[in-house]
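Now for the letters of each chain:
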Amino acid sequence: MTQSLEQAIAAKPTFSALKCRECGETYDLGAKHVCEDVCFGPLEVAYDYDEIRRRVTRSSIQAGPLSIWRYKDFLPVSTDNPIDVGTGMTPLVRANRLARQLGLKELYIKNDAVNMPTLSFKDRVVSVALTRARELGFTTVSCASTGNLANSTAAIAAHAGLDCCVFIPADLEAGKVLGTLIYNPTVMAVQGNYDQVNRLCSEVANTQGWGFVNINLRPYYSEGSKTLGYEVAEQLGWRLPDHIVAPLASGSLFTKIYKGFQEFVKVGLVDDKPVRFSGAQAEGCSPIAQAFKEGRDFVTPVKPNTIAKSIAIGNPADGIYALDIARKTNGNIESVTDAEVIEGMKLLAETEGIFTETAGGTTIAVLKKLVEAGKIDPDESTVVYITGNGLKTQEAVQGYIGEPFTIEPKLDSFERALERSRTLDRLEWQQVLV
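Residues numbered from 1 in each chain as written. Predicted model: local features only at pLDDT ≥ 70, side-chain atom pairs only at ≥ 80, totals over all residues. Heavy atoms only, no water.

1. With respect to the overall build of the protein chain
Helix and strand content of the protein chain: 16 helices and 13 strands. Compactness check: the protein chain gives a C-alpha radius of gyration of 22 Å against a globular reference of 22 Å for 434 residues, within 12% of the reference. When the backbone C-alpha atoms are referred to their principal axes, the protein chain occupies close to 80 × 50 × 45 Å. Residues classed as buried in the protein chain amount to 55% of the 434 residues present. (Helix = DSSP H or I, 4+ residues; strand = E, 2+ residues; numbered from the N terminus. Rg over C-alpha atoms; globule rule 2.2 N^0.38 Å. Buried < 20%, exposed > 50% of the residue type's maximum accessible area, 1.4 Å probe, protein only.)

In C-alpha cells:
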C-alpha cells in the first residue's frame, strides 16, 4: 500500500450520518438535532465501528495527545487540526480516605474540577462542538447555559477566534458570570430559569443562523462526554469499573458515559462486564429521580429550586434515556437536600482535598446515601464523577464552614488561638459521639 493511500484511509472520517435514536431515520451531517421528517426524536451521530476497530489500538491511543483528542476516531470531527486547549485526561484519584469513611474498598474520583480551560467537564463537549461548528462554517457560536457551559463556550470560542453570544439565567452565581464575561463574549442574562432560557435560544437559533452548541449542534456536542468513559477505562488499566455515580441534569452526560464504555467494548479495547449506573439529583430539581422512584417511564417537568444550579434542568431532554440505563444496569437514581449537598462538598474537601461545586456535592451526597442504604456493594470498584470546581459556587458554603482565627503577631496570641481551636475540635467530636 502506498503512503498516500495509507494517509487517505487514515483521513477518512469514522462517522457517517445523523440517526434518530427513536425511529432510526438518517440525515446528512449538518446542524440539526431532531428527526424533522418522521418522529421528532433526538438525533445521534452514527459511526463505522468496523473502521474504528481497524484503525485504533490501545497503543495508538496512548501515543496520542494528552487531551480528549487521543480519542479523535471516536468523535464527530473530520479535521486533523481540532480545537485543542488541553481538555481532558483529568486525574482519576484513588479516594482512600473517603472510601474508609464510607466503608468502601475501591473508590475513585474522576476529577473534572481541574479540567481545562474552565474547570468543568463542559470543556469536553464544547471542544468537540466548536471544532464541528468550524467545519460546518459557523462564525458565531452560542449556548443556553446554567453557567459552566457559558464559561466553556466563551473561553474556547475566544481561543478559536469565533464570535460568541451566550444566554444564562439572570440569577447565576457571581463566579460563573464573571468566569464568562472575562472572555468578552456577548452575555444575555435572561429573567427566567434554564428551561425558559433554552426555549428562547431555540427561537434565536432559528432566526440568527448561529451554531448553538446544545441545540442545533447538540448531536456533536454531546459526544464529547463519551471521553469521560474512555478515560476512566484507560486509567483503570483498560478495564471497566463495577459501578459509577454521576450527576444528572439533562441526562446526556450519564448516557454518553454509558455509550463510551459500550464503544470501547465494541471495538475490543476493553472486556465486556456489567457496570451499574447510578445518578444524582438535588431534591429541588429532581424530575428524573422522582420518575425512577415512582417506576414511571416518563419524566414530568418541574420548576427548579435548589442551590445546585448547574444541574437544575426541570425538563431534561435525555431524562427517559437516563432512566432506562439506570434500570437496565441495576443502578439507582437518588436525590438529596440542599443541606446534604453542602455536606457533600465539605466531605469531599475534608477527605480528599478536592473542592467541588454544588453538582459535585450532590453526587457525593448521593454516593453516601446509596452506601448507607446498602445500594453500593462495599467490594465494588466505584467511580464518582466530579464535574465542576467549587471556586465557581463559593456562595453555597458561606456560613457553613469555619472562620480564620485573627491573632496578634505575638507567640502568646497564637498559642491562645491554637488552644481554642483544639477546644472547638473536641467539642465537635463530643457532639458527633453524642
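2. Things to note about the sheet that holds strand E2 (residues 26-27)
Pairing is antiparallel in the open sheet, where three strands are placed in the order E2-E1-E3. Strands with a single pairing partner mark the edges of an open sheet, and in this sheet they are E2 and strand E3 (43-47). Examined bridge by bridge, strand E1 (residues 15-20) and E3 share five bridges and lie antiparallel to one another. Its bridge partner being in E3, Ala 17 is matched across the sheet by Ala 46. (Pairing = 2+ DSSP bridges.)

3. Brief notes about the packing of aromatic side chains
Under the defined criterion, the tally for this structure stands at twelve aromatic pairs. Each ring, one from Tyr 47 and one from Tyr 49, has its centre 6.0 Å from the other, and the planes form 40 degrees; the classification is tilted. Classification of Tyr 49 as buried rests on a relative accessible area of 17%. Across from the ring centre of Tyr 321, 4.0 Å away, lies the NZ or CZ of Arg 21, which sits over that ring. (Phe/Tyr/Trp six-rings, centres within 6.5 Å; stacked < 30°, edge-to-face > 60°. Lys NZ or Arg CZ within 6 Å of the ring centre and 35° of its normal.)

4. Examining the packing of helix H11 (residues 252-266) against helix H13 (residues 319-328)
Packing of H11 against H13 brings their axes to within 8 Å, and their N-to-C directions diverge by 50 degrees. Here H11 lies oblique to H13, going by the angle between them. Like other packed secondary-structure pairs, H11 and H13 cross with a definite hand, here left-handed. Between H11 and H13, the contacting residues are Phe 254, Thr 255 and Tyr 258 on the first element and Tyr 321, Ala 322, Ile 325, Ala 326 and Lys 328 on the second. Partitioning the contact of H11 with H13 into residue classes produces six nonpolar, one polar and one charged. (Axes fitted to C-alpha atoms, helices over the stretch in contact; angles between N-to-C directions. Parallel < 35°, antiparallel > 145°, perpendicular 65-115°, else oblique. Left-handed = near helix turned anticlockwise from the far one by under 90°. Contact = heavy atoms within 4.5 Å. Nonpolar A, V, L, I, M, F, W, Y, C, P; charged D, E, K, R; others polar.)

5. Re unusual backbone geometry
In this chain, Met 116 is followed by Pro 117 through a cis amide linkage whose omega measures 10 degrees. Mapped onto the elements of the fold, Pro 117 is located in the loop between strand E5 (106-111) and helix H5 (122-135). We note that Asn 184 has phi near 65 degrees; this positive angle belongs to a residue other than glycine. With respect to the secondary-structure elements, Asn 184 resides in the loop between helix H7 (174-181) and strand E8 (186-190).

Note that every value here comes from positions in space, so none of it alone points to a role or purpose.
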